[in-house]
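Structural description and commentary
This is what each chain is made of:
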Amino acid sequence: MQSLVVLSGAGMSAESGIPTFRDMGGIWEQYDVTQVASPEAWRANPELVLEFYNQRRKKLFESEPNNGHLILAELEQWFNVQIITQNVDDLHERAGSKQILHLHGELKKARSTGNPNLVYELKHWGLKLGDVCEKGYQLRPHIVWFGEAVEAIGQAQAIASIADIFVVVGTSLNVYPAAGLVHYVRKGVPVFVVDPAKPLLGNNNNVTYITEKASTGLMKLKEMLTPQ
Ligand code: APR
C-alpha cells in the first residue's frame, strides 16, 4: 500500500466548531499566548493557564469529528495513512484514524509536574490546582508550550520522509518545527494542500492546492486518489 502522510492543523477541526489560532477571531486574538501557553505563564499564573485549557477541553467534549476527519479515516482502505497533527484534540482518533502522531500534545491528557512520564487521561474537562499525580505532584496540561521541545519531531520527520503522497490540511505553516516537515518530503512526491487560503510551503515539490474547507477539499482529494 502507498504511504499517505497527512500534516493537519487547526483548520482540520474548524468545521467541528473548534476555533483556529490565527484566523479572524482566532484564539490568539482572544488570549495573549505568553500569558496562557508557556512555562513562564504556568509559573506566574497556573490558574489562568488551567482555565485556558479547561475552556478549550470543555469545548472539545462538546465537539464531534467532521467529514474531513471521517474521510481521512476512510482513506485507510486504500493507503497506509499516517497522520501527523499539530492539533491537541482527539477528533482524528474519534473519526477512526489508526496512526496519529500528536506534535503539540493532547488536550484530554494531563501529566505530572514531578515526572513527565506520568500521563493521565482526563474523563472530565476541569483540571485544577490541587489535582495531583500518584506521587503527589500537581498535574499540568499534557501540551507542548511555546519554548518547550517538540519531542515527537524526529519521528514526524521520519514519517514525512517515507511519504508517497503528502497532504497538508488546515495549517498556516507558521509554527516550527512542524512547518518544516514539508522539507522532509522526497523530491517528486506529490503534495496536496487543502485549505481555503494558500499557505506557502517554500519547497519545490509539485504542489496541488485544493482551496476548500477540509470536508469539501478532502472529499475532492479522495475522488482524485481512489477508484470511482
Ligand atoms: N478547513 C481547512 N482549513 C481551514 C479551515 C477549514 N474549515 N478554516 C481555516 N483553515 C485554515 C486557515 O486558512 C489557516 O491556514 O487553517 C489554518 C489555521 O492556521 P492556524 O490558526 O495558524 O493554526 P495552525 O497552523 O494549526 O497553528 C499551528 O500554532 O499556536 C500554535 O500550537 C498551536 O498547533 C498550533 C500551531
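Everything below is about the structure shown above.
Our subject in this report is the structure included herewith. Note that the structure is a prediction, hence the values are computed from the model and not measured. Along each chain, residue indices are assigned from 1 in the same order as the chain's sequence is written. Where local features are concerned, this predicted model is filtered to residues with pLDDT of at least 70; where side-chain atom pairs are given and counted, the filter is 80 or more; whole-chain, interface and lining totals use all residues. Hydrogens and waters are ignored; side-chain quantities use all the structure's heavy atoms.

**Digging into the packing of aromatic side chains**
Aromatic contacts are taken between Phe, Tyr and Trp rings whose centres are within 6.5 Å, Trp giving its six-membered ring; a plane angle under 30 degrees counts as stacked, one over 60 as edge-to-face, and the others as tilted. Throughout the structure, instances matching the rule amount to six aromatic pairs. Between the aromatic rings of Trp28 and Phe146, the centroid separation amounts to 6.2 Å while the plane-to-plane angle is 65 degrees, which identifies the pairing as edge-to-face. Of this pair, Trp28 sits in helix α1 (residues 27-30) while Phe146 sits in the loop between β6 (139-143) and α7 (153-161), placing them 118 residues apart in sequence. For the ring pair Phe52 and Tyr53, a centre distance of 4.8 Å and an interplane angle of 75 degrees mean the geometry is edge-to-face. Put simply, DSSP H or I for four residues or longer makes a helix, DSSP E for two residues or longer makes a strand, and each gets a number counted from the N terminus.

**Describing the sheet that holds strand β3 (residues 100-102)**
Pairing between sheet strands relies on hydrogen bonds along the backbone, with the strands arranged either parallel or antiparallel. Spatially, the six strands line up as an open sheet ordered β3-β2-β1-β7-β8-β9, and their pairing is parallel. Among the strands making up the open sheet, the edge pair consists of β3 and β9 (207-210). Sheet twist, expressed as the mean angle between neighbouring strand axes with direction ignored, is 15 degrees. Relative to β3, strand β2 (residues 80-85) is paired through three bridges, and the arrangement is parallel. Among the inter-strand pairings, Ile83 is bridged to a residue of β3, identified as Ile100. Sheet strands in contact with α7 are β1 (3-8), β2, β3 and β7 (165-169), and its direction is about 140 degrees off that of β2. Strands pair, by our definition, only if DSSP identifies at least two bridges between them. An axis is simply a line fitted to the C-alpha atoms; with a helix, the fit covers only the stretch in contact. Between two such axes, the angle follows the N-to-C directions and lies from 0 to 180 degrees. Contacts are assigned to residue pairs with any non-hydrogen atoms lying within 4.5 Å of each other.

**A look at helix α8 (residues 214-225)**
Think of an α-helix as 3.6 residues a turn; residues three or four steps apart then line up on the same face. To estimate how far a helix should extend, the number of its residues minus one is multiplied by 1.5 Å. If you check α8, its first and last C-alpha atoms are 16 Å apart, about what twelve residues at 1.5 Å a residue would give, namely 16 Å. Only protein chains enter the accessibility calculation, which uses a 1.4 Å probe; a residue whose area is less than 20% of its type maximum is buried, one above 50% is exposed, and one in between is partly exposed. For α8, the full list of buried residues reads Ala214, Ser215, Gly217, Leu218, Leu221 and Lys222. Buried residues of α8, viewed axially, fall in a sector of 165 degrees; they line one side. Those residues of α8 that are buried are in contact with α5 (67-74), β7, β8 (191-194) and β9. For this quantity, the arc is that covered by the directions from the helix axis to the C-beta atoms.

**Considerations on the site of the ligand**
To be near a molecule or strand, a residue needs just one of its heavy atoms within 4 Å of it. Taken together, 22 residues surround the ligand, and among them Phe21, Arg22, Thr171, Ser172 and Asp195 come closest. For the ligand, an oxygen atom lies 3.3 Å from a polar atom in the backbone of Gly170. Separating a nitrogen atom of the ligand from a backbone N or O atom of Ala214 is a distance of 2.9 Å. Coverage of the ligand by the protein chains reaches 92% of its 730 Å² of free accessible surface. Residues are grouped as follows: nonpolar covers Ala, Val, Leu, Ile, Met, Phe, Trp, Tyr, Cys and Pro; charged covers Asp, Glu, Lys and Arg; every other residue, Gly included, is treated as polar. Here the residues of the shell around the ligand are counted per class, giving nine nonpolar, eight polar and five charged. Each domain's limits were defined by an automated method or a database of domain assignments. When residues are assigned to domains, the shell around the ligand turns out to be shared by domain 1 (1-17 + 65-104 + 150-228) and domain 2 (19-62 + 107-143), each giving three or more. In protein, a polar contact means a hydrogen-donor-capable atom and an acceptor-capable atom, both N or O and within 3.5 Å, with residues adjacent in sequence counting only if both atoms are side-chain atoms; elsewhere, any N or O pair within 3.5 Å suffices. Note on areas: these come from Shrake-Rupley sampling with a 1.4 Å probe, and a residue is covered only by the protein chains present in the view.

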